[in-house]
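# Secondary and tertiary structure notes
Okay, here's what each chain looks like letter by letter:
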Amino acid sequence: MEKDLFHIIREKMELSEVQITDYSPLTLAYIGDGIYEVIIRTLIIDEANRQVNKIHKAASRLVKAETQAKMIRLIMDDLTEEEQRIYKRGRNAKAVTRAKNASMSDYRTATGFEALMGWLYLTGQSERMMELIKKCVMLLEKTNGDSTDFITTEE
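Below is a short write-up of the structure. (Residues numbered from 1 in each chain as written. Predicted model: local features only at pLDDT ≥ 70, side-chain atom pairs only at ≥ 80, totals over all residues. Heavy atoms only, no water.)

## Focus on the environment of T67
Relative to the helices and strands, T67 resides in helix α4 (residues 65–75). The spacing of T67 and G112 is 45 residues in sequence and 13 Å in space, taken between C-alpha atoms. Within the structure, T67 has its side chain in polar contact with the backbone oxygen of R61 (distance 2.6 Å). (Helix = DSSP H or I, 4+ residues; strand = E, 2+ residues; numbered from the N terminus. Polar contact = N/O pair within 3.5 Å; in protein donor to acceptor, adjacent residues only side chain to side chain.)

## What about the packing of aromatic side chains?
Working definition: an aromatic ring pair is given by the centre-to-centre distance plus the angle between the planes. In the structure shown here, the tally under the stated rule is 2 aromatic pairs. Ring centres 5.3 Å apart and planes at 70 degrees place the aromatic pair F6 and Y121 in the edge-to-face group. Placement of F6 in helix α1 (residues 5–12) and of Y121 in helix α6 (residues 104–122) is noted, with a sequence separation of 115 residues between them. In this pair, the class of F6 matches that of Y121, namely buried. With centroids separated by 5.1 Å and ring planes inclined at 90 degrees, the aromatic side chains of Y36 and F113 adopt a geometry described as edge-to-face. In this pair, Y36 is assigned in helix α2 (residues 25–45) and F113 in helix α6, connecting sequence segments 77 residues apart. Classification of F113 as buried rests on a relative accessible area of 0%. (Phe/Tyr/Trp six-rings, centres within 6.5 Å; stacked < 30°, edge-to-face > 60°. Buried < 20%, exposed > 50% of the residue type's maximum accessible area, 1.4 Å probe, protein only.)

## Quick look at the side chain of T111
Along the polypeptide, T111 turns up in helix α6. T111 sits in the buried class, given a relative accessible area of 9%. Those residues in contact with T111, other than ones at most four positions away along the chain, are L26, A29, G90 and R91. (Contact = heavy atoms within 4.5 Å.)

## Some points on the packing of α2 against helix α7 (residues 126–144)
Each pair of packed helices can be described by the angle between their axes along with the distance between the axes. Between α2 and α7, the shortest axis-to-axis distance is 12 Å and the interhelical angle comes to 60 degrees. When the interaxial angle is binned, α2 and α7 end up oblique. The two elements α2 and α7 cross, and the hand of that crossing is right-handed. Listed contacts from α7 to I35, Y36, I39, I40 and L43 of α2 are M129, M130, I133 and V137. Class assignment for the residues of the contact of α2 with α7 results in 9 nonpolar, no polar and no charged. (Axes fitted to C-alpha atoms, helices over the stretch in contact; angles between N-to-C directions. Parallel < 35°, antiparallel > 145°, perpendicular 65-115°, else oblique. Left-handed = near helix turned anticlockwise from the far one by under 90°. Nonpolar A, V, L, I, M, F, W, Y, C, P; charged D, E, K, R; others polar.)

## Some remarks on the pattern of salt bridges
A complete count under the given rule lists 8 salt bridges for this structure. A salt bridge links R128 to E83, with the shortest nitrogen-to-oxygen separation between them at 2.8 Å. Placement of the pair is R128 in helix α7 and E83 in helix α5 (residues 81–92), with a sequence separation of 45 residues. By relative accessible area, E83 is classed as buried at 2%. E131 is paired through a salt bridge with R128; the nearest N and O atoms lie 2.6 Å apart. With E131 and R128 both in helix α7, this residue pair falls 3 residues apart, about one helical turn. Residue classification places E131 among the partly exposed residues on the basis of a relative accessible area of 48%. Here the salt bridges share partners, and the residues they tie into one network are K64, E66 and K70. (Salt bridge = Lys/Arg side-chain N within 4 Å of Asp/Glu carboxyl O.)

Structure, rendered in structure tokens:
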């Protein structure tokens, strides 16, 4: 069985084992934010070799709290009970930071989305994480119509 990125990092960097239940919802969101951004950046650079500022703008459209909140709402019915529980733990976590460019509702919903992504990553469920992200992007583009392509780096 091929190892996922998390287990390769853990092995190569000689990191100690930690129980997933030892992570707070905000820690799950922290790592989820990072891995989600790497996935989105990978998706966007697959479009073509473009100017970095255009790539950054395209990525920003998908990683902002408002978009993540839309995504989780679109796939909520597809989540297992355990995934919904993890999402709700992240959404309901008391963060000390405030939303900068988002409503508090979107910010908290996005934190739940990121916590779910972090949990999937840390539990070695990369296939499931990718399945959900792909579905989110496809549904998001479908609900926004042809006028808003979130992946393209064109202006």
